Amino acid sequence: MKKILLLAILLSLSMIASCDKNEKKISSEKSSETSQSSSSDDEKDDEDDDEDKDEDDEEEKEDSEEKRKKNKKDDEETTTEPEVTENEKNKYDDEEEDPAEKSMRINEIKRNLRADDEGFLIKDGILYDYEGVSPIVVIPDDVTYIESDAFWSNDIVEAVYIPSSVKEIGEHAFWSCSGLKFVNIEEGLEKINSSVFWSCSGLENVNLPASLNDIEHSVFWAMDELTIHAPSGSYAESFANNNGFSYSSEKHEYKKADRKNLIRASQYEHGEFTEFEIPSNITGIESRAFEYCENLKEITIPSNVEYIGSSAFSYCYSLKNVTIDGCSEIKSSAFEYCNALETVRINNGTNKIGSNAFAYCENLKDIYLSESISNIDKSAFEYCSPDLVLHVPANSYAEEYALSLNIPFDNNI
């Protein structure tokens, strides 16, 4: 019995040992599978990492190529950019620079310059200003550019000679030079910028070259007496014809006037006197000579005066009576905007009355015209009083003028 029991115990222990061995074997196999799976996953991750690395390398290569191309392009642009000369910089400034900044820059240059013996302020071929006292200005041959505003509102200058070295004139260069009568420009000039001769009301003759190919807007604004002289077939001829200016293919030769016998341009402008007697030696009254003399009440032009310049008495707001004794020509806008003007007497000797001579004289009712008058511009009496009457000799040019323009008239002269 004891033997049988002992055998049963041994058999049970053997079976338990066998089970333990099998479990260990299964556990070992599972561990092996897990290890293989982990190894496989690691290999896969390594492959993915390799692929990502390859993609990153490719992107870096493309970025590097793009940067290389960009740098090459920048280098090419830098090396091919043309050198900007002083004159080219000046042209760029005219087109792009802020006006206030430009004015400050030019004024700073002027403050550091000293005028030469003739009164010119010149630096690097650019004429910045004229401080001379001569009315006849001959610009030096070393000037290539006339700066903006160089002669701004200069009433002394009467005639200007511009040499062939000048290629361009900056904007407003001769703005409102009331005494300027003549300009001669030699071959070589290519461009005149905007408003260069704006409101130079006394300018009568300009010689322009065949080389000129660009005249910008308002260059010859408010100049009814102007004649442009230029070669036949030139750009300047086309400009003159297209803009209603008188044209001649012959160059004009200027004859200097005796300034001692003239009331000069703007000489009494803004004067505060109420009356004025013109001396007997005076032969001409220049442009704007009495402009804005707002207290002047009446004026008599003696027979020794041969002409009354453009805008000579314009804006004389208190002027009521005008008598003209034999003056040959009354130029454009001579009495324009004289709002208080009521009566005008033009006696024998006067031949021509220019454009807008008495325009905008809104209280002007009576104008006495002589038989000597042979030319009156259509706009001479525009925008005067609706009660305006022309008093004219019978069968005269003045009567024919009144009939043609439907202006009331009579022969009570």
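From a predicted model like this one, the values you see are computed outputs, not experimental measurements.

What counts and what doesn't
- Residues numbered from 1 in each chain as written.
- Predicted model: local features only at pLDDT ≥ 70, side-chain atom pairs only at ≥ 80, totals over all residues.
- Heavy atoms only, no water.
- Pairing = 2+ DSSP bridges.
- Helix = DSSP H or I, 4+ residues; strand = E, 2+ residues; numbered from the N terminus.
- Salt bridge = Lys/Arg side-chain N within 4 Å of Asp/Glu carboxyl O.
- Buried < 20%, exposed > 50% of the residue type's maximum accessible area, 1.4 Å probe, protein only.
- Core = buried A, V, L, I, M, F, W, Y, C linked by side-chain atoms within 4.5 Å.
- pLDDT = per-residue confidence, 0-100.
- Contact = heavy atoms within 4.5 Å.
- Polar contact = N/O pair within 3.5 Å; in protein donor to acceptor, adjacent residues only side chain to side chain.
- Patch = residues over 30% accessible without salt bridge, like charges linked within 9 Å, V, L, I, M, F, W, Y side chains within 5 Å.
- Areas by Shrake-Rupley, 256 points an atom, 1.4 Å probe, with all protein chains shown as cover.
- Lys, Arg positive; Asp, Glu negative; His and termini not counted.
- Charge placed at Lys NZ, Arg CZ, Asp CG, Glu CD.
- Axes fitted to C-alpha atoms, helices over the stretch in contact; angles between N-to-C directions.
- Phe/Tyr/Trp six-rings, centres within 6.5 Å; stacked < 30°, edge-to-face > 60°.

(A) Summary view of the sheet that holds strand S19 (residues 343-346). Judged by pairing direction, the sheet is parallel, and its six strands sit side by side in the order S15-S17-S19-S21-S23-S24 without closing on themselves. Edge positions in the sheet fall to strand S15 (298-301) and strand S24 (409-410), since each of these pairs with one other strand and no more. Bridge analysis of strand S21 (residues 366-368) against strand S23 (residues 389-391) gives three bridges, and the strand direction is parallel. When the sheet's bridge partners are listed, Asp 366 is paired in S23 with Val 389.

(B) Up close: the pattern of salt bridges. All told, the structure shown has ten salt bridges when counted by the stated rule. A salt bridge links Asp 258 to Lys 260, with the nearest nitrogen and oxygen atoms 3.2 Å apart. Residue classification places Asp 258 among the partly exposed positions, given a relative accessible area of 38%.

(C) Spatial organisation of the nonpolar core. One finds Phe 313, Phe 335, Ile 353, Phe 358, Leu 369 and Phe 381 to be the most contacted residues of the largest nonpolar core, which totals 46 residues. Contributing elements (two or more residues each) for this core: S15, strand S17 (321-324), S19 and helix H5 (397-404). At three residues, H5 tops the list of elements feeding residues into this core. Counting 40 residues, the second-largest nonpolar core is a separate cluster that includes Ile 146, Phe 151, Ile 162 and Leu 203.

(D) Inspection of the confidence of the model for the protein chain at higher detail. The share of residues in the protein chain with pLDDT of 70 or more is 77%, and the mean pLDDT across the chain is 85. Contacts of residues 1-14 to residues separated by more than four positions or lying in other chains number zero contacts, the stretch itself having pLDDT below 50. Across residues 16-50 the pLDDT falls below 50, and counting only partners more than four positions away or on other chains, this stretch makes zero contacts in the model.

(E) View of the environment of Thr 283. Mapped onto the secondary structure, Thr 283 falls in the loop between strand S13 (262-263) and strand S14 (284-285). Judged by its relative accessible area of 26%, Thr 283 falls in the partly exposed class. Sequence-wise, Thr 283 and Ser 303 are 20 residues apart; in three dimensions their C-alpha atoms are separated by 8.8 Å. The residues contacting Thr 283, other than those within four sequence positions of it, are Asn 261, Leu 262, Asn 304, Val 305, Glu 306 and Tyr 307.

(F) View of the side chain of Ser 201. Within the fold, Ser 201 resides in the loop between strand S8 (191-192) and strand S9 (205-207). On the basis of relative accessible area, Ser 201 is assigned to the buried category, the value being 7%. Among the polar contacts made by the side chain of Ser 201, one reaches the side chain of Ser 287 at a distance of 2.4 Å. Apart from residues no more than four positions distant in its own chain, Ser 201 is found in contact with Ala 222, Met 223, Ser 287, Arg 288, Ser 310 and Ser 311.

(G) Highlighting the pairing of strand S5 (residues 159-162). Pairing of strand S3 (residues 136-138) with S5, which is carried by three bridges, proceeds in the parallel orientation. Of the residues in S5, the one forming a bridge with Ile 136 is Ala 159. In terms of strand pairing, S5 meets strand S7 (residues 182-185) through four bridges, oriented parallel. Across the sheet, the residue bridging to Ile 162 is Ile 185, located in S7.

(H) Inspection of the pairing of S17 at higher detail. Burial of the side chains of S17 is restricted to one face: Val 322 and Ile 324 are buried, whereas none of Asn 321 and Thr 323 on the reverse face is. Sheet topology places S15 next to S17; four bridges connect them, and they run parallel. Counterpart to Ile 301 in the pairing with S17 is Ile 324. Pairing geometry for S17 and S19, over four bridges, is parallel. Following the sheet pairing, Ile 324 is matched in S19 by Ile 346.

(I) Main features of a negative patch on the surface. There is a patch of like negative charges on the surface, built from Asp 116, Asp 117, Glu 118, Asp 141 and Asp 142. Classification of Asp 117 by relative accessible area gives exposed; the value is 81%.

(J) Just the sheet that holds strand S4 (residues 145-146), in detail. Taken in spatial order, the six strands of this open sheet run S1-S2-S4-S6-S8-S10, and their pairing is mixed. In the strand order of this sheet, the two ends are held by strand S1 (120-123) and strand S10 (214-215), each with one partner. Strand direction decides the pairing type here: strand S2 (residues 126-130) and S4, joined by two bridges, are parallel. In the sheet register, Leu 127 faces S4, and the bridge partner there is Ile 146. Here helix H3 (residues 99-111) sits on the sheet in contact with S1 and S2, set at roughly 75° to S2.

(K) Summary view of the packing of aromatic side chains. Within the structure shown, the criterion is met by 29 aromatic pairs. Taking 4.2 Å as the distance between ring centres and 15° as the angle between the ring planes, the aromatic pair formed by Trp 152 and Trp 175 counts as stacked. A residue pair is termed long-range when its members are at least 10 positions apart, and Trp 152 in the loop between S4 and S5 and Trp 175 in the loop between strand S6 (168-169) and S7 qualify at 23 residues. A residue is classified by how much of its surface remains accessible, and Trp 152, at 44% relative accessible area, is partly exposed. Measuring from ring centre to ring centre gives 5.5 Å for Phe 197 and Phe 220, while their planes differ by 5°; the resulting arrangement is stacked. One end of the pair, Phe 197, is in the loop between S8 and S9; the other, Phe 220, is in the loop between S10 and strand S11 (227-229), and 23 residues separate them in sequence. The pair formed by Phe 197 and Phe 220 is uniform in burial state, with each residue classed as buried. Grouping aromatic residues by their ring pairs yields a cluster made of Tyr 268, Phe 273, Phe 276, Phe 290, Phe 313, Phe 335, Phe 358, Phe 381 and Tyr 401.

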